[in-house]
Amino acid sequence: MSEPAPGTREPRLVPYARPRLEASEALTRAREFRADMAARRSVRMFSADPVPRELIELAIMTAASAPSGAHQQPWTFVAVSDPDVKHRIRVAAEEEERRNYEGGRMPAEWRAALAPLGTDWQKPFLEIAPWLVVAFEQVHGSFPDGTVKKHYYARESVGIACGLFITAIHRMGLVTLTHTPSPMGFLARILERPRSERPFLLLPVGYPATDCTVPDLARKSLDEVALFLEG
Ligand SMILES: Cc1cc2nc3c(=O)[nH]c(=O)nc-3n(C[C@H](O)[C@H](O)[C@H](O)COP(=O)(O)O)c2cc1C
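**Student:** Where do I start with the environment of Gly206 in this structure?
**Tutor:** Position of Gly206 relative to the elements: it lies in strand E6 (residues 197-206). Leaving out residues up to four positions away in the same chain, Gly206 has contacts with Phe46, Val51, Pro130, Leu174 and Val175.

Below is the structure:
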């Protein structure tokens, strides 16, 4: 290995291994996991039933296990169950979404793409869901002396972390929505985040309402999403 650059830390390596599964066991696990994940849906109709904080903590720690550019872990998750804060988030989100849907801010093409989902500017679930988890991207970090520390691939890293969060929530029998009431600057203001953090996703979490429905959507087949170049 070449000499580390001046001022950088020597890499410290530790052994790593994973148990090698029998092929049949790997297939069984993969099929079970794929079937469970295929049952995941974005939910917009929540029950107000409470969800223990520990489940949210576990989902966030799962998210925080994600790979990240240069291992900078450029994410902050703010979990809100305070009804007053949820109310303020709903009001601000609806204000933005009303301008998008009814104030002419949303181009016709975007409106057409959303039509099959039946969404509109109203977001009552932002108060009904017991938790709102807001993922922030740390656009840059800072060194102990306060100077700016550049972050690499922060957006991609937070995206992967949010994918793990969504997966963890689903595995707990809970539901969430990948919500982007844009522009989302109000989330940084209400949650008093520093200027170095940019709102990435708003993820309400809870159980589905008893009368919950979701759009009837089809997912692309393997042939439509993958190419194999086999040797
Ligand atoms: C980046 C991103 C942003 C999204 N923003 C919204 C949103 O603001 N409001 C909403 O109702 N759904 C939003 N969705 C959810 C999508 O509409 C949903 O994932 C898609 O219709 C497929 O449905 P499914 O998640 O149930 O498979 C978003 C999804 C992604 C990945």
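**Student:** I'm lost on unusual backbone geometry in this one. Help?
**Tutor:** Glycine aside, residues mostly have negative phi angles, and peptide bonds mostly take the trans form. Here the residue pair Ser182 and Pro183 is connected by a cis peptide bond, since its omega of -5° sits within 30 degrees of zero. Tracing the backbone shows Pro183 in the loop between strand E5 (175-176) and helix H7 (185-190). Backbone geometry places Ala70, a non-glycine residue, at a positive phi of 55°. In this model, Glu192 sits at a positive phi of 55°, which is unusual for a non-glycine residue.

**Student:** I would appreciate a short explanation of the site of the ligand in the present structure.
**Tutor:** Neighbouring the ligand are Arg40, Arg41, Ser42, Arg44, Leu117, Thr119, Leu177, Thr178, His179, Thr180, Leu217 and Arg219. The separation between an oxygen atom of the ligand and a polar side-chain atom of Arg44 is 2.6 Å. Within the backbone of Thr178, an N or O atom sits 3.0 Å from a nitrogen atom of the ligand. Starting from 620 Å² of accessible surface for the ligand in isolation, the protein chains cover 66%. Its residues assigned to classes, the shell around the ligand shows three nonpolar, five polar and four charged.

**Student:** Which parts of the structure should I look at to understand the packing of helix H2 (residues 53-63) against helix H6 (residues 154-171)?
**Tutor:** For any two helices packed against each other, the geometry comes down to the angle between their axes and how far apart the axes lie. Where H2 contacts H6, the axes come no closer than 7 Å and their chain directions differ by 145°. Crossing angle aside, the handedness with which H2 passes H6 is right-handed. Here H2 contributes Ala59, Ile60, Thr62 and Ala63 to the contact with H6, which in turn contributes Ala161, Leu164, Phe165, Ala168 and Ile169.

**Student:** It is not clear to me how the environment of Leu217 should be interpreted in this structure. Could you clarify?
**Tutor:** Tracing the chain through its elements places Leu217 in the loop between E6 and helix H8 (222-225). With 154 residues separating them along the chain, Leu217 and Ala63 place their C-alpha atoms 26 Å apart. Among all residues touching Leu217, those that are not within four sequence positions of it are Arg41 and Leu117.

**Student:** Which parts of the structure should I look at to understand the pattern of salt bridges?
**Tutor:** Close approach of charged atoms allows side chains of opposite charge to pair. Inspection of every chain in the model, using the stated rule, returns 14 salt bridges. Across the pair Arg90 and Glu94 runs a salt bridge, and its minimum N-O distance is 3.1 Å. Placement of both Arg90 and Glu94 in helix H3 (residues 83-101) is noted, with a separation of four residues, approximately one turn of the helix. Residue Arg99 pairs with Glu95 through a salt bridge whose shortest N-O separation is 3.8 Å. On the criterion of helical spacing, the pair formed by Arg99 and Glu95 is a turn pair, its members being four residues apart in helix H3. Connected via shared salt-bridge partners are Glu95, Glu96, Arg99 and Arg105.

**Student:** Honestly, the packing of aromatic side chains in this entry has me stumped. Any pointers?
**Tutor:** Between two aromatic rings, the relevant description is the distance of the centres plus the angle of the planes. Evaluated as defined, the whole model comprises two aromatic pairs. Between Phe46 and Phe125, the aromatic rings sit 6.2 Å apart at their centres with planes inclined by 40°, giving tilted as the arrangement. Residue Phe46 is located in the loop between helix H1 (23-38) and H2, and its partner Phe125 is located in helix H5 (residues 125-128); the two are separated by 79 residues in the primary sequence. Exposure class is identical for Phe46 and Phe125. Each is buried. Judged by centre distance (6.3 Å) and plane angle (15°), the ring pair of Phe77 and Phe165 falls under stacked. Separated by 88 residues along the polypeptide, Phe77 in strand E1 (residues 75-80) and Phe165 in helix H6 bring together distant segments of the chain. For the cation-ring pair, Arg98 lies above Trp121, with the distance from its terminal atom to the ring centre recorded as 3.9 Å.

**Student:** What is the right way to look at the layout of surface pockets in this model?
**Tutor:** Summary: where empty space remains is shown by rolling a probe the size of a single water molecule over the atoms. The space that makes up the largest pocket amounts to roughly 290 Å³. If you trace the largest pocket, you find 17 residues lining it, with Glu97, Tyr101, Leu114, His179 and Thr180 closest to the centre. Every element with two or more residues in the lining of the largest pocket is listed here: H3 and helix H4 (108-114). Considering only residue class, the lining of the largest pocket consists of eight nonpolar, six polar and three charged.

Rules and cut-offs
Residues numbered from 1 in each chain as written. Predicted model: local features only at pLDDT ≥ 70, side-chain atom pairs only at ≥ 80, totals over all residues. Heavy atoms only, no water. Helix = DSSP H or I, 4+ residues; strand = E, 2+ residues; numbered from the N terminus. Contact = heavy atoms within 4.5 Å. Near = heavy atom within 4 Å. Polar contact = N/O pair within 3.5 Å; in protein donor to acceptor, adjacent residues only side chain to side chain. Areas by Shrake-Rupley, 256 points an atom, 1.4 Å probe, with all protein chains shown as cover. Nonpolar A, V, L, I, M, F, W, Y, C, P; charged D, E, K, R; others polar. Axes fitted to C-alpha atoms, helices over the stretch in contact; angles between N-to-C directions. Left-handed = near helix turned anticlockwise from the far one by under 90°. Salt bridge = Lys/Arg side-chain N within 4 Å of Asp/Glu carboxyl O. Phe/Tyr/Trp six-rings, centres within 6.5 Å; stacked < 30°, edge-to-face > 60°. Buried < 20%, exposed > 50% of the residue type's maximum accessible area, 1.4 Å probe, protein only. Lys NZ or Arg CZ within 6 Å of the ring centre and 35° of its normal. 1 Å grid on protein atoms, 1.4 Å probe; cavity = no way out; pocket = protein on both sides within 12 Å on 5 of 7 lines; lining within 4 Å. Points joined across faces, edges and corners; volume = space filled by probe spheres on them.

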